[in-house]
Amino acid sequence: MKQLGGGEQISEKGRGRKRALWGRGRGVALLWAGPCGSGAPAQKGALRWRSLEATAARRWWCFSEMKYIKPLISEQERYLQANNREFNSLFGYPNNSIKTSKYNALNFLPMNLFEQFQRLANAYFLILLFLQLIPQISSLAWYTTVIPLMVVLSITAVKDGIDDMKRHKNDNQVNNRSVLVLMNGRIVTDKWMNIQVGDIIKLENNQLVTADILLLSSSEPYSLTYIETAELDGETNLKVKQAISVTSDMEDNLKLLSAFDGEVRCESPNNRLDRFTGTLTYKGKNYILNHDRLIFRGCVIRNTDWCYGLVVFTGPDTKVMQNGGKSAFKRTHIDHLMNVLVLWKGSKVKLQRLSINKLHHSMNAS
């Protein structure tokens, strides 16, 4: 155990080039690559400690020269601090970019071929091609099978490639949308993909919500905000969200919003749209959070001039992406039927050959 300033203790495990360090009460492990081992002397500048004030009573420790940081355990709950990117980056939260495409330049050919040969008809003709390469058992030339097989595989690959290029284009368009974010006491324009957990963003009327945000304040009385959730649940009726009173008093005062250092502890990312549990700690007091305080990514701000929100979930952790799932290989009913027919035809041919062989054996025996 290593005693640090402020009474914090860090436990050390492992030898060699990697050492795992756990801060007390954090629940997240940090991995640091550097000279270590029992009694290994620290090189000059290799290990520097710096404290980040999370609360007045607790210090969080990290390296000022960190080469590699990642959570070593699954996220049980989310912890973040407003207007503190440096602290939130320690937990390895993803940025706000999304990816719905399936392929890239390297894996397109092997992955697409693997998917196509899941159709038993393609696999059947591939096996037939191998058999036709042996002249002793085949009277047909190999090119009579390889040409139609290549035509079918090429047409399908081109179609899949065009569809995935459209996904890439759509992802690029979404990730490069503009949003207003509070940085260093002023509002600046940034891209969606650059938004991080803990940022405070400004949304205006008829604007898409960038990420899952905790509503802080709005232009409407009692900090009400009207949203449309058609992209999430198909409903066009407006829903109402309301900020808690302790943050609604900040309104659009950039000085107060920049000084806001509230801490949020909430549930880990999930796909449940009807519930959210968490607490906001601000100025020594705790405030209960529920789904009425949260605005999900994909919603549209309606009948509200402006509102400010604290980013809680970004990119793949947002509710809409958690419900979307990964792009999977889809097979039609005809594909399933063809697989059954190929299996049935193959088993039928095998039975016929077995019966012919038995007939030959019986004739020879007689």
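In the block above lies the structure referred to throughout.
Attention in this report is confined to the structure presented alongside it. Computed from a predicted structure; not experimentally measured.

Considering the overall build of the protein
And step 1. Assigned secondary structure in the protein consists of nine helices and 19 strands.
And step 2. Expressed as a percentage of its 366 residues, the buried residues of the protein come to 37%.
And step 3. In the protein, once contacts between residues fewer than 6 apart in sequence are set aside, the share between residues at least 24 apart is 62%.

Considering the packing of aromatic side chains
And step 1. Tallied over the entire structure, the rule returns 10 aromatic pairs.
And step 2. Note on Trp 142 and Tyr 143: the rings are 6.0 Å apart at their centroids and 80 degrees apart in plane angle, and the pair reads as edge-to-face.
And step 3. The exposure class assigned to Tyr 143 is partly exposed, which follows from its relative accessible area of 46%.
And step 4. Clustering of aromatic rings is evident, with ring pairs tying together Tyr 79, Phe 87, Phe 91 and Tyr 93.
And step 5. Taking NZ or CZ as reference, Arg 78 lies 4.0 Å from the ring centre of Tyr 93, over its face.

A short note on the pairing of strand S15 (residues 278-282)
And step 1. Only one face of S15 is buried: it carries Gly 278, Leu 280 and Tyr 282, and the other face, with Thr 279 and Thr 281, is open.
And step 2. In this structure, the hairpin formed by S15 and strand S16 (residues 285-289) is closed by a connection of two residues, where Lys 283 is found at a positive phi of approximately 55 degrees.

Let's talk about the pattern of salt bridges
And step 1. Scanning the model with the defined rule gives 12 salt bridges in all.
And step 2. In this structure, the salt-bridge partner of Asp 160 is Lys 159, at a minimum N-O distance of 3.1 Å.
And step 3. Owing to a relative accessible area of 15%, Asp 160 belongs among the buried residues under this scheme.
And step 4. By relative accessible area, which is 46% here, Lys 159 ends up partly exposed.
And step 5. One salt-bridge network, in which partners are shared between bridges, spans Glu 267, Arg 272, Arg 275 and Lys 319.

Some thoughts on the packing of helix H2 (residues 108-116) against helix H4 (residues 143-175)
And step 1. Where H2 meets H4, the closest approach of the two axes is 11 Å, and the angle between their N-to-C directions is 120 degrees. The angle between H2 and H4 falls in the class oblique. In the packing of H2 onto H4, the handedness of the crossing is right-handed. Residues Phe 108, Asn 112, Leu 113 and Gln 116 of H2 pack against Val 152, Leu 153, Thr 156, Ala 157, Asp 160 and Gly 161 of H4.
And step 2. Residue composition of the contact of H2 with H4, grouped by class: five nonpolar, four polar and one charged.

Rules used in this analysis
Going along each chain's sequence as written, the residues are numbered from 1 onward. A pLDDT threshold of at least 70 governs which residues receive local features in this predicted model, and a stricter bar of 80 or more applies before side-chain atom pairs are shown or counted, although totals over entire chains, interfaces and linings include all residues. Neither water nor hydrogens contribute to the side-chain values; these are computed over all heavy atoms in the structure. Where helices and strands are cited, they refer to DSSP runs of H or I of at least four residues and of E of at least two residues respectively, numbered from the N terminus. Accessible area is worked out with a 1.4 Å probe on protein chains only. A residue is then buried under 20% of its type maximum, exposed over 50%, and partly exposed in between. For this analysis, residues touch if any pair of their heavy atoms sits within 4.5 Å. Two rings from Phe, Tyr or Trp (for Trp, the six-membered ring) form a pair when their centres sit within 6.5 Å of each other. Planes less than 30 degrees apart are called stacked, planes more than 60 degrees apart edge-to-face, and all others tilted. For a Lys NZ or an Arg CZ to count as sitting over a ring, it must be within 6 Å of the ring centre and within 35 degrees of the ring normal. When DSSP finds two or more bridges between two strands, those strands count as paired. By convention in these notes, a salt bridge is any Lys or Arg side-chain nitrogen within 4 Å of a carboxyl oxygen on Asp or Glu. Simply put, an axis is a line fit to the C-alpha atoms, just over the touching stretch for a helix, and the angle between two N-to-C directions goes from 0 to 180 degrees. In what follows, roughly perpendicular refers to angles from 65 to 115 degrees, roughly parallel to angles under 35, roughly antiparallel to angles over 145, and oblique to any angle outside these ranges. Here a crossing is taken to be left-handed if its near helix is turned anticlockwise relative to the far helix by less than a right angle, and right-handed if that turn runs clockwise. The classification used treats Ala, Val, Leu, Ile, Met, Phe, Trp, Tyr, Cys and Pro as nonpolar, Asp, Glu, Lys and Arg as charged, and all other residues, Gly among them, as polar.

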